[in-house]
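# Examining the three-dimensional arrangement
What follows is each chain in one-letter form.
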Amino acid sequence: MKFTDDDAEVPEPVRRKHALAETREVLRKASETYRPWSCPSTAECCQLTKTGRPPWLWPSEWAVLLERLKRDARPLPPLRADGGCPFLDVSGLRCTVYEDRPFGCRTFFCHRVSGPSTQPTFATNDLLHQLEGANVEWQEEAQPKPLPEWHAAALGASRG
Ligand code: SF4
């Protein structure tokens, strides 16, 4: 579904709901697209301070993570002392929001990847375009931000 100028009065909750539904669909397609590739799941790529390559999330991706926490009745996880993603489990080896992880966590390539030699660049760009579209239809000024920035802002807000 695409909103048009005639839909300018579509209530924000409806826009949000649509953006999240579209985001979940994009995330599903991303996993499908990247199915031929795999890695040993060492979670090295989740050590965000060490890699210096955090995933960048659109607002709807962050909202999907928050909804996951809400469904699980879990609070926002604190910062990790090792600089790893706060969504890692205590061992630092497992993502606790794996099914709802952001786009960048599904499409990350490192030296440990195995699979076809050619990456699905065109399909990835199409999906990113779809993700951007879903977000700007929800919030005109929407921009992606690194996961640690979303997390820091949410932590700050939760402390008042
Ligand atoms: S959301 Fe999950 S997969 Fe992505 S960086 Fe964090 S722990 Fe790793």
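Residues numbered from 1 in each chain as written. Predicted model: local features only at pLDDT ≥ 70, side-chain atom pairs only at ≥ 80, totals over all residues.

The next thing to look at is the overall build of the protein chain. For the protein chain, the helix and strand inventory stands at six helices and two strands. Secondary structure of the protein chain in N-to-C order comes out as α-α-β-α-α-α-β-α. Against the compact-globule benchmark of 15 Å for 160 residues, the protein chain has a radius of gyration of 16 Å, which places it among compact chains. Principal axes of the C-alpha set define a box for the protein chain whose edges measure 50 × 45 × 25 Å. Classification of the 160 residues of the protein chain by burial places 24% in the buried group. (Helix = DSSP H or I, 4+ residues; strand = E, 2+ residues; numbered from the N terminus. Rg over C-alpha atoms; globule rule 2.2 N^0.38 Å. Buried ≥ 20, exposed ≤ 12 C-beta atoms within 10 Å, placed from the backbone.)

Neighbouring the ligand are the residues C46, P55, C85, F87, L88, C95, V97, R101 and C105. Its residues assigned to classes, the shell around the ligand shows eight nonpolar, no polar and one charged. (Near = placed C-beta within 6 Å. Nonpolar A, V, L, I, M, F, W, Y, C, P; charged D, E, K, R; others polar.)

A separate point is unusual backbone geometry. Of note, A43 is a non-glycine position whose phi angle comes to about 65°, a positive value. When you line up the elements, A43 lands in the loop between helix 1 (12-33) and helix 2 (48-51). Even without a glycine there, the phi angle at A73 is positive, about 55°. Among the residues examined, A73 registers 6 C-beta atoms within 10 Å and is labelled exposed.

On to the nonpolar core. Ranked by size, the top nonpolar core spans 23 residues in total, and within it V26, C85 and L131 carry the most contacts. Mapped onto this core, the elements with two or more residues apiece are helix 1, helix 3 (59-71), helix 5 (121-138) and helix 6 (147-159). If we skip the residues at most four places from it in the chain, L131 touches T23, V26, W58 and F103. (Core = buried A, V, L, I, M, F, W, Y, C linked by C-beta atoms within 7 Å. Contact = placed C-beta atoms within 7 Å.)

Take helix 3 next. Between its first and last C-alpha, helix 3 extends 18 Å over 13 residues, near the 18 Å set by a 1.5 Å rise per residue. Here helix 3 has its buried residues at P59, S60, E61, W62, V64 and L65. Taken together, the buried residues of helix 3 touch helix 1, strand 1 (56-57), helix 4 (103-106), helix 5 and helix 6. (Expected span 1.5 Å × (residues − 1).)

Turning to its location among the elements, T23 is positioned in helix 1. A count of 26 C-beta atoms within 10 Å places T23 in the buried class. Between the C-alpha atoms of T23 and A134, which are 111 residues apart in sequence, the distance is 7.1 Å. The contact partners of T23, leaving out residues within four places of it in the chain, are S60, E61, V64, L131 and A134.

We now examine the packing of helix 1 against helix 3. Where helix 1 contacts helix 3, the axes come no closer than 9 Å and their chain directions differ by 90°. Judged on the interaxial angle alone, helix 3 and helix 1 are roughly perpendicular. Here A19, L20, T23 and R24 of helix 1 lie close against helix 3, whose contacting residues are S60, E61, A63 and V64. Of the residues assigned to the contact of helix 1 with helix 3, the class counts are four nonpolar, two polar and two charged. (Axes fitted to C-alpha atoms, helices over the stretch in contact; angles between N-to-C directions. Parallel < 35°, antiparallel > 145°, perpendicular 65-115°, else oblique.)

To continue, consider the packing of helix 1 against helix 5. Relative orientation and spacing of two packed helices are given, respectively, by the angle between their axes and the distance between those axes. In contact at an axis separation of 8 Å, helix 1 and helix 5 are set at 170° when each is read in the N-to-C sense. Classified by the angle between their axes, helix 1 and helix 5 sit roughly antiparallel to one another. Between helix 1, through R15, R16, A19, E22, T23, V26, K29, A30 and T33, and helix 5, the contact on the second element is made entirely by A123, T124, L127, Q130, L131, A134, N135, E137 and W138. Looking at the contact of helix 1 with helix 5, its residues break down into eight nonpolar, five polar and five charged.

Limitation: the analysis is restricted to geometry and does not speak to function.
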